[in-house]
Amino acid sequence: MWRNLWEDLQLYQHLLVIQIKAQLQYKANLSLDIISYLGITGLEFVALLLYFVPFRTLLGWHVGEVAMLAAVMSLSFGLSELIGAGIDNFSVLINRGEFDRVLLRPVSAFVQVIGNDFRLRRLGRITQGMLAFALALHFLPALHWTFFKLLVLGIGIISGTIIFLSIVLLGATLCFWTVETTEITNILTYGSREMLSYPLTIYHQVLQRFFLFIVPVAFASYVPVCYVLERPLPFGLPAELALASPIVALLFALVSGWIWTFGVRHYQSTGS
Amino acid sequence: MLRFYFEVAGTAFRRQIVYRWANLAGLCTNIFFALIVSYIIIALYAVRPVVAGYDVHDTLRYTWMMQAILMVVLPFGFTDLMQTIRTGDVVTDLSKPCDFYLYWFSREMGKNVYYAIFRGLPTYLAGMVIFKLGVPLTWQSWLAFGLIPPFGATLGIAYRFLYNIVAFWIIEARAVVSFALTIAQFLTGSFIPLPLLPGWLQTIVNWLPFRGFMDLPVQVFLGKISGSLLWGAFGLQVGWLIILTCLVLWLVQVARQHVVVQGG
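Residues numbered from 1 in each chain as written. Chains lettered and ligands numbered in written order. Predicted model: local features only at pLDDT ≥ 70, side-chain atom pairs only at ≥ 80, totals over all residues. Heavy atoms only, no water.

The name given to chain B in an unreviewed UniProt entry is ABC transporter permease, with the source organism recorded as Dictyobacter vulcani.

As named in an unreviewed UniProt entry, chain A is ABC transporter permease, taken from Dictyobacter vulcani.

Structure, rendered in structure tokens:
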């Protein structure tokens, strides 16, 4: 199994290198793309900041704290977009019946799908996330940092990336039956990103529970950020739960991976 | 000839009707986003009751109304025209015995009517049920609302056309599309209601064409703008509509004469 994994990683790396080389051929175009993407994501963040001009706090959360939440969200979402954009185009693969060809090759279908559309322009959102984080730090000069807090935050961002990747994988799996991508996936990705850029506790109980325990995006953003800011968690959850984010992420990934394998096994090709 | 354009619009309308499930999924997305923003607004208003004449109820209405007309005025991912330019199919459209812009305009209007009925209306109804938004009861408000949103949609079509037609000169124009959409959404109050913006920013935004897309129609609906202020703002937007339409027509003319069409 480990050898397989190693081979998969090598294949993935190979796919990425090819695409990076190709995109670097058009340097001007690429930098323009990255900058415009940074601009787009930056405007969304500016809107968040502007809310804090007429309103000083959001249920006790200051602009810096909310900015940190938004930054964590941008980073994990941005990373998942960078790594997994290929999954987003999965419906095209299904639609044209090209997935047949993917299955014929003696290598992992997952790696071929995830690696088929790597776009450096996604660096725009990651840059925006880093700038937002720097701004959050600027707004929060009194925040006491420890090594442990940094670790929790870093692990949280990576867990968030894994969770977002699992969501798009689930959405792609749905295509086996629906052929078209359904916009429902957007609710879980773009929607949860937008939603969890703000403190979880402002939402309805049902939404809170859903994004903590069913699609655990909040586990990888709200929970670690609360740990860093030394804020209590909802539902009386212990602060140490922040350490559990990678476990939650892996569990979620395992479940969605299992559903994906199920989908691949039941794949019936489309015509035309 | 007028009948022809109506026919084009009708066809676009009927084509849209086929995608029932896609519309339902889109409706869920619209409602979800409006819901999220509503919770954010309710939480923000905990610290002060009124901002610039907008209490929490007004701002919620504003938000739901925005979501309701979003797909009418600024639909995501409208690249249909751009695609025809990329593939070269645009030649057939250009050589049809009708006006190129009016042809696309009718198509988009047909779609707009569809989205107003099957997307906008249910979205706002959902908001009415969840947050007890209610509707304004003054007839002036309804009259103005009957006139100004179609106007916003017209502006929206001119804008859509503009950011698509750049494909004649820039082949890979997807970045332009997303940038154009984001700027327009931000400046028309889709990210943050324009009345909540700081004064200096509002002054700038009020002069731009984007306000007429959605902010002005929604403010009219809420009865937040009336009298000479309304006429001033409306007049300005009419000016912008003329400018944008002329720009579109001129660019079509230039494209027709100078651009070599892509093949295959």
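> What exactly am I supposed to notice about the packing of helix 2 (residues 27-50) of chain A against helix 7 (residues 123-139) of chain A here?
A pair of packed helices is captured by two measures, namely the crossing angle of their axes and the spacing between those axes. All names here are of chain A. The geometry of helix 2 relative to helix 7 is characterised by a closest axis approach of 7 Å and an angle of 35° between their N-to-C directions. Seen from above, helix 2 lies across helix 7 with right-handed handedness. On helix 7, the residues touching Ile34, Tyr37, Leu38, Thr41, Gly42, Glu44, Phe45 and Leu49 of helix 2 are Leu123, Gly124, Arg125, Thr127, Gln128, Leu131, Ala132, Leu135 and Phe139. (Axes fitted to C-alpha atoms, helices over the stretch in contact; angles between N-to-C directions. Helix = DSSP H or I, 4+ residues; strand = E, 2+ residues; numbered from the N terminus. Left-handed = near helix turned anticlockwise from the far one by under 90°. Contact = heavy atoms within 4.5 Å.)

> Is there a simple way to think about the layout of surface pockets in this case?
Think of a ball as big as a water molecule: rolled over the atoms, this probe shows where empty space is left. Residues and elements named next belong to chain A. Approximately 860 Å³ is the volume attributed to the second largest pocket. Taken together, 25 residues make up the lining of the second largest pocket; nearest its centre are Leu5, Phe110, Ile114, Leu169 and Ala253. Mapped onto the lining of the second largest pocket, the elements with two or more residues apiece are helix 1 (2-24), helix 3 (63-88), helix 6 (109-114), helix 8 (147-178) and helix 12 (245-265). Per element, the largest residue contribution to the lining of the second largest pocket is eight residues, and it comes from helix 12. Its residues placed into classes, the lining of the second largest pocket shows 18 nonpolar, six polar and one charged. (1 Å grid on protein atoms, 1.4 Å probe; cavity = no way out; pocket = protein on both sides within 12 Å on 5 of 7 lines; lining within 4 Å. Points joined across faces, edges and corners; volume = space filled by probe spheres on them. Nonpolar A, V, L, I, M, F, W, Y, C, P; charged D, E, K, R; others polar.)

> Help me out: how do you make sense of the interface of chain B and chain A in this one?
Interface size is commonly expressed as the accessible surface area that is lost when the partners come together. Of the residues lining the interface, 33 residues belong to chain B; the matching set on chain A comes to 32 residues. Buried area between chain B and chain A, summed over both chains or domains, comes out near 2,900 Å², and the portion from carbon and sulfur atoms is 80%. The largest per-residue losses of area from chain B upon contact with chain A belong to Phe32, Tyr39 and Leu44 of chain B, which jointly make up 20% of the total buried on that side. Every element with two or more residues in the side of chain B that touches chain A is listed here: helix 2 (20-44) and helix 8 (174-187) of chain B. (Buried area = accessible area lost by both parts, 1.4 Å probe.)

> Quick question: what am I supposed to make of the state of the cysteines here?
In a disulfide, the sulfur atoms of two cysteines are covalently bonded to one another. Following the criterion strictly, the structure yields zero disulfides over all chains and no others. Left unpaired, Cys28 of chain B is separated from the closest cysteine sulfur, that of Cys175 of chain A, by 17 Å. The partly exposed category is assigned to Cys28 of chain B, whose relative accessible area is 36%. Between Cys246 of chain B, a free cysteine, and Cys98 of chain B, which holds the nearest cysteine sulfur, the sulfur-to-sulfur gap is 20 Å. (Disulfide = S-S within 2.5 Å. Buried < 20%, exposed > 50% of the residue type's maximum accessible area, 1.4 Å probe, protein only.)

> Explanation requested: empty space enclosed by the protein in the structure shown.
Residue and element names in this part refer to chain B. By the definition in use, this model includes one cavity of 30 Å³ or more. The space that makes up the largest cavity amounts to roughly 50 Å³. Lining the largest cavity, in full, are Phe78, Leu81, Tyr101, Trp104, Phe105, Glu108, Ile157, Arg160 and Phe161. Secondary-structure elements contributing two or more residues to the lining of the largest cavity are helix 6 (100-131) and helix 7 (139-165). The element best represented in the lining of the largest cavity is helix 6, accounting for four residues. Taken together, the residues of the lining of the largest cavity break down into seven nonpolar, no polar and two charged.

> Help me understand the side chain of Thr182 of chain B, please; the structure alone is not making it clear to me.
Examined against the element boundaries, Thr182 of chain B turns out to sit in helix 8. Residue class for Thr182 of chain B comes out buried when judged on its relative accessible area of 7%. Here the side chain of Thr182 of chain B touches Ser178 of chain B through a polar contact of 2.6 Å, landing on its backbone oxygen. Every residue in contact with Thr182 of chain B, bar those within four places of it in the chain, is listed here: Ile40 and Leu43 of chain A together with Phe191 of chain B. (Polar contact = N/O pair within 3.5 Å; in protein donor to acceptor, adjacent residues only side chain to side chain.)

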